[in-house]
Amino acid sequence: MEKNNEDLEKVVNETEKKSKNLLDYINKEINYEELRITKFRRCLKKFIAATLVCSVIGLSIFGAYAFKKRKDSIFEHSMYYEVSKNETLINITEKVCWSTDNLDEIVEFNKNLDENFDSIASEGEIIRFPKNHVKNPEYLNNFIKDYSVLKKKLEENNKIIELAFNSNPQKEKIDSVYKILYELNKYEKRYEYWKNDKYFSKNAVSMLRNIAKLEDKIKTKINSEVKEADYEFKKLKDFFYSNNWKKPGTIEGLESLISRNKQIRHSYECFRNNKNALEAKRIEQKIEGVKSDYINLLNKVGNNIIQDKYKINQLEKKLKPIFKLGLQNKEISLLMEIINKKNTLYSYSEWGGEKRLEIQLNEYIHELSEFKSQINSKFYFAVNILNKEIKKYGEEIAYGEKTGRIEGADTRLKYLIGNPLAMIKYQYELLGYQKGLERTNNLIDKIKSFTKN
């Protein structure tokens, strides 16, 4: 029994020893595998990191290459040479590329961009060069830069145009507008070339639209100004031809027309309407001619006023002594002669508004008025004397009729008819005073009714 227990214990001990050895082995293996895994992880990390670094470097190199190719593409499409007069493709290529070795390649390059391109260069034609052949890029223009500059210039031109049409046309400003129009035409031709270009067609079409818009704006404003000038010119001509220019204020009216006509002619000249400018000049000469005729007329009227003033002075000298010594027939005849001559004197009343005759006309009108007043005074002096005489004889007849003394007074009555009344009647006739004649004839008829045949 004891022996069996010992054997069992022995087995147990050996088993424990083996188990311990196995466990030590397993732990050792586990540690080894963990170390391998750790090393693998480190290697994997290094590999991934190295791969990422390589990828980044590769992408950078690829990006730089792509960027360079894009820049080359932009250069080749944006840089161009504009042919001047008497230049050849050979000369140009030699200047830009230092050599003509690649001339065929350059021709082919341009044909790809423009199927109508040939090797004969003409003035204003556009030639482009691949970047790898260009040695003197300073000879080339840059489409992108030119486009930006032109875009800004169009904005500035808009302001210039607005200022030019804000007031009355001024030749210098309108000339600048026509210069803009001329430049737009050149730009338009150039951008028509770019319109079919694959790379810049969008910008070219946009620019052509802006150019056309600005051209339309200029032409619309010019047409509007010319229409306004035409309207004003028609009004001026109608007014000029429909007026009688032989009246006061004519010079002022004509000078106003001349001033307006000058403005209209200036407008036509500004807007290069030579035909109407010449017509305006012709009308201006006609107006100047009418003005000259009117000035001659004023001079003539002024001379007539001087002559009539002299006539007044001479007639006043004759009028002054009349009737100083009573009513004499020869003086009555002289008075009537003076009256008739007074009636031939011109009043010049229609020239009252003419400033150039104002002073001498006022003097003349004053003298004429004074002269008429003196004539009237002399006339009514004579009439009053005759009226008193006829009244006196009328009263005598009335008294004789009332007292009955008129009966048998034939001798007195015939005397009155044949002498004083006949003289009064004659003097009334000399004066042309109709009322006095009627009164005298009535009295004579009355007296005759009392006389025996």
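Residues numbered from 1 in each chain as written. Predicted model: local features only at pLDDT ≥ 70, side-chain atom pairs only at ≥ 80, totals over all residues. Heavy atoms only, no water.

For the rest of this paragraph, the subject is the overall build of the chain. Helix and strand content of the chain: 13 helices and three strands. Out of the 453 residues in the chain, the part that is buried amounts to 33%. As displayed, the chain offers around 30,000 Å² of accessible surface, 52% of which is attributable to carbon and sulfur atoms. (Helix = DSSP H or I, 4+ residues; strand = E, 2+ residues; numbered from the N terminus. Buried < 20%, exposed > 50% of the residue type's maximum accessible area, 1.4 Å probe, protein only. Areas by Shrake-Rupley, 256 points an atom, 1.4 Å probe, with all protein chains shown as cover.)

What follows is about the sheet that holds strand S1 (residues 79–82). Reading across from one edge, S2-S1-S3 is the order of the three strands in this open sheet, with antiparallel pairing throughout. With one partner strand each, in any of the chains shown, strand S2 (126–127) and strand S3 (141–142) form the two edges of the open sheet. Note: S1 against S2, two bridges, orientation antiparallel. Within the sheet, the bridge partner assigned to Glu82 lies in S2 and is Ile126. (Pairing = 2+ DSSP bridges.)

Let us look at the confidence of the model for the chain. Looking at the chain as a whole, the pLDDT averages 85, with 83% of positions reaching at least 70. When pLDDT is averaged over each helix and strand of the chain, the minimum, 53, is found for helix H1 (residues 2–78) and the maximum, 96, for helix H12 (residues 420–431). Note on residues 47–67: pLDDT under 50 across the span, and zero contacts to partners over four residues away in sequence or across chains. (pLDDT = per-residue confidence, 0-100. Contact = heavy atoms within 4.5 Å.)

What follows is about the packing of aromatic side chains. Here the structure, examined in full by the defined rule, presents 16 aromatic pairs. An angle of 55° between the planes, with centres 4.6 Å apart, marks the rings of Phe143 and Trp194 as tilted. Of the two residues, Phe143 is situated in helix H4 (residues 143–164) and Trp194 in helix H5 (residues 171–195); the sequence distance between them amounts to 51 residues. Across the pair, Trp194 and Phe143 agree in class, each one buried. (Phe/Tyr/Trp six-rings, centres within 6.5 Å; stacked < 30°, edge-to-face > 60°.)

With that settled, consider H4. The end-to-end C-alpha distance of H4 is 30 Å, a good match for the 32 Å that 22 residues give at a rise of 1.5 Å each. Within the span of H4, buried status applies to Phe143, Tyr147, Leu150, Leu154, Asn157, Ile161 and Ala164. Projection of H4 onto a plane perpendicular to its axis shows the buried side chains occupying an angular sector of 95°, all on one side. Set apart from the buried face of H4 by more than 90 degrees, the exposed residues are Lys145, Val149, Lys152, Lys159 and Leu163. The N-cap of H4, judged by a side-chain oxygen 2.9 Å from the amide nitrogen of Ile144 a few residues on, is Asn142. (Expected span 1.5 Å × (residues − 1). Arc of directions from axis to C-beta. Polar contact = N/O pair within 3.5 Å; in protein donor to acceptor, adjacent residues only side chain to side chain.)

We now examine the pattern of salt bridges. Across all of its chains, the model carries 22 salt bridges by this definition. Lys291 is the partner of Glu255 in a salt bridge, and the nearest nitrogen-oxygen pair spans 3.2 Å. Note that Glu255 is positioned in helix H7 (residues 250–270) and Lys291 in helix H8 (residues 274–319), a separation of 36 residues in sequence. Between Arg356 and Glu354 there is a salt bridge; the shortest N-O distance is 3.2 Å. Residue classification places Glu354 among the buried positions, given a relative accessible area of 1%. Each member of the salt-bridge network shares a partner with another, and the members are Lys262, Arg265, Glu269 and Glu284. (Salt bridge = Lys/Arg side-chain N within 4 Å of Asp/Glu carboxyl O.)

Here the focus is unusual backbone geometry. Even without being a glycine, Trp98 presents a positive backbone phi close to 65°. Tracing the sequence through the fold places Trp98 in the loop between helix H2 (89–97) and helix H3 (103–113). The phi angle at Arg272 is positive, at roughly 60°, despite the residue not being glycine. Tracing the chain through its elements places Arg272 in the loop between H7 and H8. By relative accessible area, which is 46% here, Arg272 ends up partly exposed.

Our next topic: the environment of Asn299. Within the secondary structure, Asn299 sits in helix H8. Spatially, the C-alpha atoms of Asn299 and Leu357 are 9.1 Å apart, while their sequence positions differ by 58 residues.

Closest axis-to-axis distance for the helix H9 (residues 329–344)/helix H10 (residues 358–403) pair is 11 Å, and the angle between their directions is 150°. Considered as vectors, H9 and H10 are oriented roughly antiparallel to each other. Remark: the crossing between H9 and H10 carries left-handed chirality. Residue-level inspection shows Leu335, Ile338, Ile339 and Lys342 of H9 in contact with H10, the latter providing Phe371, Lys372, Ile375, Lys378 and Phe379. Its residues placed into classes, the contact of H9 with H10 shows six nonpolar, no polar and three charged. (Axes fitted to C-alpha atoms, helices over the stretch in contact; angles between N-to-C directions. Parallel < 35°, antiparallel > 145°, perpendicular 65-115°, else oblique. Left-handed = near helix turned anticlockwise from the far one by under 90°. Nonpolar A, V, L, I, M, F, W, Y, C, P; charged D, E, K, R; others polar.)

Moving on: H3. Turning to H3, its buried residues are Leu103, Ile106, Val107, Phe109 and Asn110. Projected onto a plane normal to the axis of H3, the buried residues spread over an arc of 160° and lie on a single side. Seen from the open side of H3, the exposed residues pointing more than 90 degrees away from its buried face are Asp104 and Asn112.

A word on the nonpolar core. The biggest cluster of nonpolar side chains holds 46 residues, and the ones touching the most others in it are Leu335, Trp351, Phe371, Leu421, Leu431 and Ile447. Of all elements in the fold, only H8, H9, H10, helix H11 (410–418), H12 and helix H13 (434–450) reach the threshold of two or more residues within this core. Examining the composition of this core, we find that 12 residues originate from one element, H10, more than from any other. Sequence-distant contacts of Phe371, defined by excluding residues within four places in its chain, comprise Ile312, Leu315, Glu316, Leu319, Ile338, Lys342 and Leu345. Judged by nonpolar contacts, the second largest core, of 43 residues, contains Ala164, Phe233, Phe240 and Leu257. (Core = buried A, V, L, I, M, F, W, Y, C linked by side-chain atoms within 4.5 Å.)

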